[in-house]
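Close look at the chain arrangement
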Amino acid sequence: STVALAGIALALSLAGCDSPQQDLALTLDPSSLDQRFACADVTVVAATEDGREALFVGIEDGLAAEAAYLGEAVEAVYELPDPRLTIRRAVGSNVYQGLCGRDNGQPWRVDERQEAYSGVVTVQLEPSADGVRVTTDLSGLVLESEEGPGPVYTLDETRFEGLALDED
């Protein structure tokens with residue numbers, strides 16, 4: 001019957017389409033983000049020098065204060081979603097303005113933004129002679145726009161190692 005054939009055709013057309021956006025997945029390459037900096041509480045930024053693109057990791061959990069107070073290394077592991085985390089990719093102009101005291105003098109503008117909704121973040125803070133140093137490991141991140149359909153970005157194993165945690 002034509003109804004059965006239409007049902008089979010619909011089922012076949014939907015097969016493998018559990019997440020239509022996954023077909024649009026792009027892999028982020030953090031090596032193109034050659035500027036790395038961090039500041040308290042814990043904000044880690046990897047950006048292009050000109051501020052066109054940046055990946056931000058924000059952790060609001062008192063880790064920097066804890067490491068400074070204890071005078072010893074502190075480590076935490078987070079799995080998204082977690083309200084203490086903000087992980088965002090932004091593309092535009094001077095996208096890191098105001099973070100950790102950075103500003104390239106150009107007007108701030110965000111043309112594209114994605115938020116991470118899954119993945120694992122491990123952060124280690126270690127007191128050193130010149131302050132606190134932070135190492136952040138990102139694993140299996142998936143980022144997508146909150147404004148509607150668009151590409152999904154993935155970020156596999158990435159490490160931002162030994163960044164001096166500025167006070168800003």
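Quick look at the structure, then. Residue positions are given per chain, counting from 1 as you read along its sequence in written order. The predicted origin of the model limits local features to residues at a pLDDT of at least 70 and limits the giving and counting of side-chain atom pairs to 80 or more, whereas totals for whole chains, interfaces and linings rest on all residues. As a rule here, side-chain values cover all heavy atoms of the structure and leave hydrogens and water aside.

**Some remarks on the overall build of the protein chain**
Within the protein chain one finds two helices and 10 strands. The helix count covers DSSP runs of H or I at least four residues long, the strand count covers runs of E at least two residues long, and both are numbered beginning at the N terminus. If you list the helices and strands of the protein chain from N to C, you get α-β-β-β-β-α-β-β-β-β-β-β. Contacts spanning at least 24 positions in sequence make up 60% of the contacts within the protein chain whose residues lie at least 6 apart. Residue burial considers only the protein chains on display, and all accessible areas are found by Shrake-Rupley using a 1.4 Å probe. Counting only carbon and sulfur atoms, one obtains 51% of the accessible surface of the protein chain, whose full area is about 9,300 Å². Between two residues, a contact is recorded if the distance between any of their heavy atoms is within 4.5 Å.

**As for the pattern of salt bridges**
The term salt bridge refers to a side-chain nitrogen of Lys or Arg lying within 4 Å of a carboxyl oxygen of Asp or Glu. Scanning the model with the defined rule gives 12 salt bridges in all. Its salt-bridge partner being Arg133, residue Asp130 comes within 2.7 Å of it at the nearest N-O pair. Several salt bridges share partner residues, and in doing so they unite Glu53, Arg89 and Glu112 into one network.

**Here's the deal with the environment of Thr48**
Residue position: Thr48 is located in the loop between β3 (42-47) and β4 (53-59). Under the relative-accessibility criterion, Thr48 is labelled buried at 9%. Once the C-alpha coordinates of Thr48 and Gln35 are considered, the two residues, 13 residues apart in sequence, prove to be 5.8 Å apart. Once residues within four sequence positions are removed from consideration, Thr48 is found in contact with Ser32, Leu33, Asp34, Gln35, Glu53 and Tyr96. In this scheme, a residue with accessible area under 20% of its type's maximum is buried, one over 50% is exposed, and one in between is partly exposed, where area comes from a 1.4 Å probe on protein chains only.

**A few points about the pairing of strand β10 (residues 158-166)**
When DSSP locates at least two bridges between a pair of strands, those strands are taken to pair. With two bridges connecting them, strand β2 (residues 35-39) and β10 associate as parallel partners. If you follow Ala38 over to β10, its bridge partner there is Leu165.

**What to know about the pairing of strand β8 (residues 131-144)**
Here strand β7 (residues 109-128) runs beside β8; their pairing, made up of 12 bridges, is antiparallel. If you follow Thr122 over to β8, its bridge partner there is Asp137. Two elements, β8 and β10, share five bridges in a ladder whose sense is antiparallel. Bridge pairing links Leu138 to Thr158 in β10. Examined bridge by bridge, β8 and strand β9 (residues 152-155) share four bridges and lie antiparallel to one another. Paired with Leu141 across the bridge in β9 is Leu155.

**Some remarks on the side chain of Arg89**
By the secondary structure assignment, Arg89 is in strand β6 (residues 85-93). Polar contact criterion, stated in full: a pair of N or O atoms within 3.5 Å, where within protein one must be able to donate a hydrogen and the other to accept it, and residues adjacent in sequence count only if both atoms are side-chain atoms. In this structure the side chain of Arg89 is engaged in a polar contact, spanning 3.0 Å, whose partner is the side chain of Glu53. Of the polar contacts made by the side chain of Arg89, one reaches the side chain of Glu112; its length is 2.9 Å. Once residues lying within four places of it in the same chain are set aside, the contact partners of Arg89 are Leu28, Glu53, Ala54, Leu55, Glu112, Arg113, Gln114, Leu143 and Tyr153.

**Regarding the side chain of Glu115**
Following the sequence through the fold, Glu115 ends up in strand β7. A distance of 2.5 Å separates a polar atom in the side chain of Glu115 from a polar atom in the side chain of Arg88. A distance of 3.4 Å separates the side chain of Glu115 from the side chain of Arg113, its partner in a polar contact. Filtering out sequence-adjacent residues up to four positions away, Glu115 remains in contact with Thr86, Ile87, Arg88, Val142, Leu143, Glu144 and Glu146.

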